[in-house]
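This is what each chain is made of:
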Amino acid sequence: MMCKQRKHGIISNIIFAIGWQFRVAPWYTLLYFLQMIVGDIITLFEHTFLVAYIIGCVERGGTLTEVLYFLVPVAVAVTIKVCVNPLIDSYITPKSSAKIKEAIHMKLYEKAASMEISRYDDSQFYNDFVWAMQKAPEHVTAATNTFRTLLSKLIVVAIAGSYIISTDALAVLVVAVIMVSTLLSQHIINQWKMKREEDILPVSRKRDYVNRVFYLADYVKDIKSSQISKKLEKDFGETSEQMRKLVKKHGPKISALTVLRDSVDYILYDGAYLTYLFYQALVQNKFGLGSLLALYKAANQLSGNLRRVIMMLPEFQNHSLYLAKLRTFLETENKMPDEGTLHTPETGDILLQDVHFTYPGNDRPTIKGVSMEIKKGEKIALVGFNGAGKSTLIKLLLRLYDPDSGSVHFAQQSIKEYPITDYRKRFGVLFQDFEMIATDIGHNLNMSNQVLDEQRADEVLKKVAFWERFQTMPQKYGTQLTKEFDEEGINLSGGEAQKIALARVLYADSGVIILDEPSSALDPIAEYQLNKTVTELAEDKTVIIISHRLSTTRFVDKIYMLENGRIIEQGNHESLLALKGKYAEMFTLQAEKYR
Ligand code: ATP
């Protein structure tokens with residue numbers, strides 16, 4: 001499934017970035033633009049017009065007061081600039097830019113949390129999503145900065161150009177010739193540099209991958225227990241070699257044209273243009289030395305700033321690329337509309353009617369006409385070989401996906417009639433691939449930012465047989481999980497983590513409990529404890545267990561055996577054994593293993 005990409009043009013993306021920054025920090029954005037524009041104009045006056053004005057005064061025998069009229073305001077402006085800039089650059093900008101990026105991250109997190117799980121199956125969407133999360137926030141501020149630089153440089157160009165035209169119109173022609181040569185060569189250099197970047201990007205992504213594998217903790221065990229590091233080092237060496245070749249391929253022509261451009265610039269500007277100015281001042285007496293100096297400097301500012309503008313243009317393209325991904329992600333419509341309005345009952349019967357489902361991008365269906373009725377308070381088990389479709393059924397039940405056909409009902413209503421978030425709150429789920437969050441145990445139990453009910457948490461930890469281990473933790477519920485941010489933090493074993501994940505489900509106290517492989521990492525005692533806990537819950541809760549260990553499923557009211565997306569056998573443990581079908585075969589095999 002491909003996500004629909006809306007095209008966003010470069011200009012529209014840059015306006016989007018500036019608009020965003022302005023909405024989050026309007027005063028700062030104004031100050032940010034003014035800082036550069038006013039600063040550049042002050043520099044223009046300081047370096048171009050001030051000295052020219054003073055020489056002009058001296059030439060025509062002006063007074064000191066006349067000099068001071070110009071000198072004092074420029075000196076005051078320069079002093080203010082010198083004092084204010086460090087304040088803006090090292091205090092106001094970092095503070096405001098953090099605020100702007102925070103606003104973008106918050107928006108991204110909000111969107112990511114509300115995004116349907118099926119989006120993660122769309123590789124193009126997922127790639128764009130990762131890029132948006134990692135890179136887009138910095139490009140919002142960087143694009144605004146590039147635009148402010150462009151605006152400021154163009155203002156300086158306009159002032160310097162107007163001055164040259166008003167003083168000696170012909171000089172503009174000479175400057176124009178110089179400009180055309182500079183801009184043309186810079187344009188070609190830009191194109192070559194972009195090509196070089198394009199060629200280097202895939203190679204550098206491979207290098208980044210190798211780099212990541214060496215520093216991410218997830219890979220450390222595989223790296224240490226195998227020889228794969230040698231292969232990765234070899235890959236890194238090869239990509240480095242490829243990069244060197246690419247630099248060698250593009251480098252010489254870029255340097256050659258740069259040298260040519262600078263030499264032509266020098267000859268035209270310091271040779272031809274200066275000669276022309278001297279000729280007009282000394283031979284034609286069209287203007288004095290002050291104006292000569294100002295014209296020379298103004299042309300310098302004009303060409304320097306225009307070149308800067310041309311050099312910056314590819315930056316817009318680069319920012320725009322990331323901003324487009326950010327916008328596409330934020331504008332992505334939820335394909336699973338949350339239109340339910342009915343009040344969601346705490347619990348109720350669950351009914352699946354002839355459910356068919358194919359994963360996006362797959363050509364073959366995973367669920368092929370499953371029907372089942374789970375009465376309120378019933379304990380059921382889904383069993384079957386790997387890939388039979390057990391976890392998929394749970395995803396359909398939780399409305400992480402909608403079936404292609406057939407329906408899912410909860411408390412006599414189609415689950416589409418309930419608001420999704422309310423509906424999902426009715427389920428406490430222990431997923432097969434649950435994750436511990438790098439925060440304290442308390443928050444890992446209540447999985448929210450609310451205050452933990454410690455009494456309930458104590459009971460739950462006892463039920464999942466984690467109480468003794470918990471007693472050894474001096475920080476109790478404040479104990480940090482993982483060492484990611486805290487050296488004192490603890491890394492739980494696989495079984496311990498599974499107990500905490502199970503405790504989460506029990507703490508949530510939902511009407512329906514779903515346990516996907518709850519005992520896969522548990523030792524036999526903990527498994528027994530888990531079975532007991534599940535049985536204890538029998539009073540009022542519906543429990544759905546997916547398990548490969550048939551010792552767990554013996555305790556349930558009804559077992560559904562799935563194969564290849566279909567229910568092939570159903571009944572309680574005894575009746576399924578008596579049937580002597582697939583379940584009985586699986587159970588006998590496991591029982592033999594235990595013996
Ligand atoms: P196991 O016992 O190994 O956990 P299961 O019975 O829970 O297996 P499911 O996880 O439901 O099986 O997977 C059923 C089939 O659907 C598998 O062939 C799997 O490859 C496929 N599948 C699962 N998730 C996705 C997905 N997100 N996109 C495409 N196919 C998927």
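Asks: Give me the confidence of the model for the chain: which residues, what numbers.
Replies: Confidence along the chain averages 86 in pLDDT terms, with 94% of residues attaining 70 or more. Every residue in residues 1-5 is under pLDDT 50, and counting partners more than four places away or in other chains gives 14 contacts.

Asks: Before we move on, can you summarise the sheet that holds strand S8 (residues 542-546) with the specific residues and values?
Replies: The sheet built from six strands is open, its strands ordered S6-S7-S8-S3-S9-S10 with mixed pairing. Every interior strand has two partners, whereas the edge strands, strand S6 (427-430) and strand S10 (566-571), have only one. Between one strand axis and the next, the sheet turns by 15° as a mean value, whatever way the strands run. Pairing of strand S7 (residues 512-516) with S8, which is carried by five bridges, proceeds in the parallel orientation. Considered in S8, the bridge of Ile514 is made with Ile544. Lying over the sheet, helix H14 (residues 494-508) contacts S6 and S7, oriented at roughly 175° with respect to S6.

Asks: Run through the sheet that holds strand S2 (residues 367-374), naming residues and quoting values.
Replies: Read from one edge to the other, the open sheet built from four strands follows the order S2-S1-S4-S5, with strand pairing classed as antiparallel. Edge strands, defined here as strands with exactly one partner in the open sheet, are S2 and strand S5 (413-414). The pairing of strand S4 (residues 405-410) with S5 spans two bridges and is antiparallel. The residue of S5 that forms the bridge with His409 is Ser414.

Asks: Quick one: what's the story with the pairing of strand S3 (residues 379-384), residue by residue and with numbers?
Replies: Buried residues dominate S3, accounting for six of its six residues. Of the two faces of S3, the one lined by Lys379, Ala381 and Val383 and the one lined by Ile380, Leu382 and Gly384 are each fully buried. Across four bridges, S3 lies against S8 in parallel orientation. Counterpart to Lys379 in the pairing with S8 is Val543. Of the strand pairs in this sheet, S3 and strand S9 (residues 558-563) are connected by five bridges, and their pairing is parallel. When the sheet's bridge partners are listed, Ala381 is paired in S9 with Ile559.

Asks: Give a description of the site of the ligand that names residues and reports values.
Replies: With respect to spatial proximity, 16 residues lie near the ligand, and among them Asn386, Gly387, Gly389, Ser391 and Thr392 are the closest. The side chain of Tyr359 places a nitrogen or oxygen atom 3.4 Å from a nitrogen atom of the ligand. Contact with the protein chains hides 68% of the accessible area of the ligand, taken as 640 Å² for the molecule alone.

Asks: Got a sec to walk through helix H3 (residues 64-114)? Specific residues and values, please.
Replies: Over its 51 residues, H3 runs 70 Å from end to end, which matches the ideal 75 Å to within 8%, given 1.5 Å per residue. In H3, a bend of some 40° at Ile88 exceeds every other bend along the element.

Asks: Tell me about the packing of aromatic side chains, residues and numbers included.
Replies: In the structure shown here, the tally under the stated rule is 21 aromatic pairs. Just above the ring of Trp192 sits the side chain of Lys253; from NZ or CZ to the centre is 5.0 Å. Note that Arg456 overlies the ring of Tyr507, its terminal NZ or CZ placed 4.3 Å from the centroid.

Rules used throughout
- Residues numbered from 1 in each chain as written.
- Predicted model: local features only at pLDDT ≥ 70, side-chain atom pairs only at ≥ 80, totals over all residues.
- Heavy atoms only, no water.
- pLDDT = per-residue confidence, 0-100.
- Contact = heavy atoms within 4.5 Å.
- Pairing = 2+ DSSP bridges.
- Helix = DSSP H or I, 4+ residues; strand = E, 2+ residues; numbered from the N terminus.
- Axes fitted to C-alpha atoms, helices over the stretch in contact; angles between N-to-C directions.
- Buried < 20%, exposed > 50% of the residue type's maximum accessible area, 1.4 Å probe, protein only.
- Near = heavy atom within 4 Å.
- Polar contact = N/O pair within 3.5 Å; in protein donor to acceptor, adjacent residues only side chain to side chain.
- Areas by Shrake-Rupley, 256 points an atom, 1.4 Å probe, with all protein chains shown as cover.
- Expected span 1.5 Å × (residues − 1).
- Bend = angle between axes of the 7 residues up to and from the residue.
- Phe/Tyr/Trp six-rings, centres within 6.5 Å; stacked < 30°, edge-to-face > 60°.
- Lys NZ or Arg CZ within 6 Å of the ring centre and 35° of its normal.

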